[in-house]
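Residues per chain, in single letters:
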Amino acid sequence: MTREFFNYIDGKWIPAASGETLASHNPATGELIGAVPASDARDVARAVTAAANAFEKWRKTPAPRRAEIIHAVADLVRARKQTLGELLTREMGKVLPEALGDVQEAVDMGMYMAGEGRRLNGLLVPSELPNKWAMAVRDPLGVVGLITPWNFPIAVPSWKIFPALLTGNTIVWKPAEDTPVLAVEFVKIFEEAGLPPGVLNLVTGYGVPAGAALVEHPQVKMISFTGSNEIGKQIAVRGAQLGKRVSLELGGKNAIIVLDDADLDLALDGIIWSAFGTSGQRCTATSRVIVTPEIHSELAERVADRASKLRLGNGLLPTTDVGPLINRDAVDKVHQYTELGVSEGAALLVGGARGVEGDLAQGHFYKPTVFDRVTPTMRLAQEEIFGPSLAILRAHDIDEAIRLNNGVNFGLSASIYTSNVNKAFEAMRDLTTGIVYINAGTIGSEVQLPFGGTRGTGNGHREGGGPPVLDAFTEWKSIYVDYSGKLQRAQIDTDALVQ
Ligand code: UN1
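Residues numbered from 1 in each chain as written. Predicted model: local features only at pLDDT ≥ 70, side-chain atom pairs only at ≥ 80, totals over all residues. Heavy atoms only, no water.

## A closer look at the site of the ligand
To be explicit about the condition: Near, as used in this document, describes a residue that has one of its heavy atoms within 4 Å of the molecule or strand being considered. Under the rule applied, a polar contact is a pair of N or O atoms within 3.5 Å (in protein, one hydrogen donor and one hydrogen acceptor; residues adjacent in sequence only if both atoms are side-chain atoms). Exposure was quantified through the Shrake-Rupley algorithm and a 1.4 Å probe, taking into account, for residues, occlusion by the shown protein chains and nothing else. Using a 1 Å grid laid over the protein atoms alone, points where a 1.4 Å probe fits but cannot get out form a cavity; open sets with protein on both sides within 12 Å along at least 5 of 7 lines form a pocket; any residue with an atom within 4 Å of a point counts as lining. If over half the atoms of a molecule are within 2 Å of the grid points of a cavity or pocket, the molecule is regarded as sitting in it. Classification convention: Asp, Glu, Lys, Arg as charged; Ala, Val, Leu, Ile, Met, Phe, Trp, Tyr, Cys, Pro as nonpolar; all other residues, Gly among them, as polar. What fixes the domain bounds is an automatic or database domain assignment.
The ligand sits among Glu105, Asn151, Phe152, Trp159, Arg282, Cys283, Thr284, Ile443, Gly444, Ser445 and Phe451. Cys283 places a polar main-chain atom, nitrogen or oxygen, 2.7 Å from an oxygen atom of the ligand. Within the backbone of Ser445, a nitrogen or oxygen atom sits 2.7 Å from an oxygen atom of the ligand. In the complex, the protein chains occlude 99% of the 320 Å² of accessible area that the ligand would expose alone. Of the pockets mapped on this structure, the ligand occupies the second largest pocket. Its residues assigned to classes, the shell around the ligand comprises 5 nonpolar, 4 polar and 2 charged. Counting the residues that make up the shell around the ligand, at least three belong to each of domain 1 (7-250 + 458-478) and domain 2 (254-438).

Below, the structure written as structure tokens:
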């Protein structure tokens, strides 16, 4: 029998108004994980009303108290790390150690935001006039709409939910249709931790109609979206028309630069981990290696060799290095890029085919793929593939390598391997991505620093952590208190004071 799950609206678990459901499957085995509501605008409207009604009380709940609930959630997530991690592997596919990392990232974010409850700094500055007080505080926005991806089904929602709650907003969350059961399990923990009804509402379903209804709803003040460029742009345009704040975290075309003087063994480990970890399905995944001439052939050969030895399989098995892709469409997309790469004249070194041997036939597997002799103008070198496909490009020196890194329409993460400290600092200065790594791959951000990117990767906001995440979910309010008891005119009566 299919396990059925429900929307969480105003503290109650309820089906979609239409009664429709959508099924979630294990991408490695095809196993049915469960069915969730296929919600539409009616469900979204109900959830927004619940969130709007809960807002007044929640925003007035002292931040340290809000933080205690977040702390309790983080504790529960930690206690259930193994169970959640296993479910994450089953529903999303990534190998278990990575799934546990995904869950851990939510614990980290919870702890970080819980601490923020007793900080949440505003600004306190001197006034230019006597007997006048000048300060600024952060106000919540109101009801915020969160639309999250399947590739980090616990971590990325935690980056949005915890800071949004901590700062006093109420939430309607529409998780990806590929990983809805995890969203249900995550929300159950908030309920158990004592979050009041209506503060966090969950509406599962497809982007259209559910996500679109959230974007359209007049009472939703802000949309935070992590996902594809195509949808992100549509939300940005619609958000602008409707006068909403939109925070976007979109794609990447991240590169690892390897200079002649690099520790090649170290670089190799970083490349394999960053390109094929999570089957390349991270916004931060490495999809380009930019290498200088002296070490080019050796590195390409060794990358291809290591990639060919990675073992595909069910992420729950300890023998698996690389799990499945999320669904059939994702496999088709990666394969189209293989065909494109071949037709563009790149050299396919390894992979380039679906994984169909034995048990793999039941899932959505693609072999780790490496292309060499990729040139910067090829689509293979420019477009996000979001799968286990790596392009090797050559650059004459660090300047050209940095130019190539910066010369794509994304700017999330970049890395350089070098043993020359001067070159490392040059790279830190000149790489124009939102995240830069020195002698480490392009994945592995931590919650205490901002996460996000330049160019097509986003629209200037930062989520994922660090103090700037608070900016995404708050409005600054500057407050002046004049206790002089008389009219004091700023910029005018100041003249009298300098005599
Ligand atoms: C993502 O791919 O959307 O740095 C998030 C990393 C992880 C987060 C990735 N900490 O790869």
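## Details of helix H8 (residues 229-242)
Just so we agree on the cut-off: By definition, any uninterrupted DSSP run of H or I lasting at least four residues is a helix, any uninterrupted run of E lasting at least two residues is a strand, and each is numbered from the N terminus. Each residue after the first adds 1.5 Å to the expected span of a helix. Residue exposure (1.4 Å probe, protein chains only): buried if accessible area is under 20% of the type maximum, exposed if over 50%, otherwise partly exposed. Taking the helix axis as origin, the arc is that swept by the directions to the C-beta atoms. Here, residues are in contact when the closest pair of their heavy atoms is within 4.5 Å.
Taking 1.5 Å of rise per residue, 14 residues should cover 20 Å, and H8 covers 20 Å from first to last C-alpha, within 8% of that figure. Among the residues of H8, those classed as buried are Asn229, Gly232, Ile235 and Gly239. Looking straight down H8, one finds that the buried residues subtend no more than 120° of arc, so they occupy a single side. Every exposed residue of H8 that faces more than 90 degrees away from the buried side is listed here: Glu230, Lys233, Val237 and Gln241. On its buried face, H8 sits against strand E7 (143-147), helix H7 (207-216), strand E10 (220-226), strand E11 (245-249) and strand E19 (410-411). In the segment just after H8, Gly243 is the residue with positive phi, at about 70°.

## A word on helix H4 (residues 96-116)
Here H4 is 21 residues long and its end C-alpha atoms lie 30 Å apart, about the 30 Å a rise of 1.5 Å per residue gives. Counting buried positions along H4 gives 15 out of 21 residues, so the element sits mostly inside the fold.

## Considerations on empty space enclosed by the protein
Vacant regions in the atomic arrangement are exposed by a probe of water-molecule size rolled over the atoms. Let me state the cut-off plainly: Grid points are joined across faces, edges and corners, and a volume is the space filled by probe spheres set on the points.
Counted by the stated rule, this structure contains 1 cavity of 30 Å³ or more. As a volume, the largest cavity reaches approximately 80 Å³. Lining the largest cavity are 15 residues, and of these Gly280, Arg282, Ala285, Ser287 and Phe386 sit closest to its centre. Here the residues of the lining of the largest cavity sort into 5 nonpolar, 7 polar and 3 charged.

## Some points on the sheet that holds strand E20 (residues 413-417)
To keep things clear, this is the line we draw: If DSSP finds at least two bridges between two strands, the strands pair. Only C-alpha atoms enter the line fits that serve as axes; for helices the fit covers just the stretch in contact. Angles between N-to-C directions range over 0 to 180 degrees.
Read across the sheet, 7 strands follow the order E14-E17-E18-E13-E12-E20-E21 without closing on themselves; strand pairing throughout is mixed. On the outer flanks of this sheet lie strand E14 (347-350) and strand E21 (435-438), each paired with one strand and no other. On average, each strand axis in the sheet is tilted by 20° relative to the strand beside it, whichever way the strands run.

## Re the layout of surface pockets
Volume-wise, the largest pocket comes out at about 1200 Å³. For the lining of the largest pocket, a count of residues per class yields 20 nonpolar, 12 polar and 10 charged. Counting the residues that make up the lining of the largest pocket, at least three belong to each of domain 1 (7-250 + 458-478) and domain 2 (254-438). Space inside the second largest pocket adds up to approximately 320 Å³. Breaking the lining of the second largest pocket down by element, the ones donating at least two residues are H4 and helix H5 (155-166). Here the element with the most residues in the lining of the second largest pocket is H4; it accounts for 5 residues. Of the residues that constitute the lining of the second largest pocket, the class distribution is 7 nonpolar, 6 polar and 8 charged.

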